[in-house]
Amino acid sequence: MAYHTYKPAPPLSDLVETFWLYEGFPPTHRKERKLPDGSMGVVINLREDRFRIYDRRDHDRSETFRGCLLSGAQSEFIVIDTANQASVMGIHFKAGGGFPFFGMPASELHDVQVPLDALWGTTAGQLRDQLLEAKTPQARFVILEEHLLARATRPLVPHPAVSFALKEIRSAPQHRTISDLTEQIGLSPRRFIQLFSEEVGLTPKLFCRVRRFQQVLKSLQNGELSARQIEWADIASSCGYFDQLISFETSGRSRASTRLPGSCSGASISIMFPSRIEVNFLQYGSVCFCQDDAANVGQARARIRRSKQEHRIPTEERDDDRQSEPNSRRLPRDNAPIDR
């Protein structure tokens with residue numbers, strides 16, 4: 001299998017993360033779940049002139065597209081057919097980077113896959129034909145770069161407010177609030193959300209949630225811990241998943257719960273003793289780990305109990321909250337995190 005990448009020259013380098021090319025990809029499984037990262041992408045099948053995307057909830061249902069496909073900014077996972085991935089090429093845009101090239105607000109492409117010829121007409125087919133005729137990966141990348149530049153219908157520079165917001169959110173997605181950003185940008189919240197959605201494809205709130213999910217994945221990938229050594233409560237808290245009930249489900253028979261401090265969206269953690277640990281971050285996707293060491297079941301259960309004791313809200317404190325708030329609902333603070 002060969003994997004090639006290419007970084008385009010300016011001004012595309014400010015909008016494109018990378019051009020990529022897979023050749024001779026040997027699929028080891030029939031379906032693959034692609035997790036969201038808040039960016040757009042173009043995929044071109046160089047082996048077959050089609051792609052198959054499965055329904056998220058019912059994998060027996062699928063939709064087939066022509067061999068050039070645009071994937072809008074995703075806030076949920078998608079399920080792809082790996083049989084169509086033997087030789088594929090694509091563009092991975094930076095967040096907000098696809099906005100100048102498709103002739104419509106990126107918000108209209110949120111969570112959808114669109115045949116590229118529906119947006120570019122016959123140019124999409126001509127692009128694929130030229131890529132097939134090219135003899136080397138470098139020649140293919142040059143062709144793709146030239147075509148992308150020719151398709152620009154807007155300035156290749158993001159709005160300054162969007163550019164600033166993206167930088168701030170990337171640095172700390174769990175701490176950014178709309179009020180913080182708009183105070184620094186000088187726009188009304190409504191205007192800021194409109195601009196951000198049109199260029200990025202997601203609202204600022206939703207983009208923060210997706211980036212926080214990616215932060216969890218990065219934390220797991222950078223570590224060398226096995227699944228049974230990971231302190232899920234610490235990871236969830238550090239990445240902003242707190243103030244929600246976090247559930248630990250054991251073998252489908254019983255459930256333990258813990259509440260973490262703070263004020264952001266939660267995640268459920270299922271520990272299927274003895275061989276499987278799955279962390280499900282709402283609709284964004286799940287991360288699964290497997291291990292066969294049944295001797296660690298007791299250790300995992302002890303960790304759950306310890307986490308419950310550390311983060312449990314005392315009964316008296318919960319009762320006081322109910323008495324002070326007759327409607328049992330708290331109004332969000334003005335500086336509440338962006339996804340509140």
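For clarity, every value in this text was computed on a predicted model and none was experimentally measured.

## Some remarks on helix 4 (residues 160–171)
Along an α-helix, a turn takes 3.6 residues, which lines up residues three or four apart on a common side.
Thought 1: Spanning 12 residues, helix 4 covers 17 Å between terminal C-alpha atoms, matching the ideal 16 Å at 1.5 Å per step.
Thought 2: All buried positions along helix 4 are accounted for by Ala161, Val162, Ala165, Leu166, Glu168 and Ile169. Across the axial projection of helix 4, the buried residues extend over an arc of 170 degrees, all falling on one side. Residues of helix 4 that are exposed and point more than 90 degrees away from the buried face comprise Pro160, Lys167 and Ser171.

## Here we look at the nonpolar core
Thought 1: Counting residues in hydrophobic clusters, the biggest one holds 48 residues, and the most contacted among them are Phe93, Phe102, Leu148 and Phe196.
Thought 2: When sequence neighbours within four positions are dropped, the list of residues in contact with Phe93 reads Leu15, Val16, Glu17, Ser39, Met40, Gly41, Val42, Gly98, Phe101, Phe102 and Leu148.
Thought 3: Formed by eight residues, the second largest nonpolar core is a distinct cluster that contains Trp20, Phe51, Ile53 and Val88.

## Here we look at unusual backbone geometry
Trans is the common state for peptide bonds, and a negative phi is the common state for residues other than glycine.
Thought 1: Omega for the peptide link from Pro10 to Pro11 comes to 5 degrees, which places this bond in the cis form.
Thought 2: Take Pro11: it is sitting in the loop between strand 1 (2–6) and strand 2 (16–23).
Thought 3: Here the phi dihedral of Asp111 falls at roughly 60 degrees; this positive angle occurs in a residue that is not glycine.
Thought 4: Position of Asp111 relative to the elements: it lies in the loop between strand 9 (87–93) and strand 10 (113–115).

Conventions we followed
- Residues numbered from 1 in each chain as written.
- Predicted model: local features only at pLDDT ≥ 70, side-chain atom pairs only at ≥ 80, totals over all residues.
- Heavy atoms only, no water.
- Helix = DSSP H or I, 4+ residues; strand = E, 2+ residues; numbered from the N terminus.
- Expected span 1.5 Å × (residues − 1).
- Buried < 20%, exposed > 50% of the residue type's maximum accessible area, 1.4 Å probe, protein only.
- Arc of directions from axis to C-beta.
- Core = buried A, V, L, I, M, F, W, Y, C linked by side-chain atoms within 4.5 Å.
- Contact = heavy atoms within 4.5 Å.

In short, the description is geometric, and any link to function would need to be established separately.
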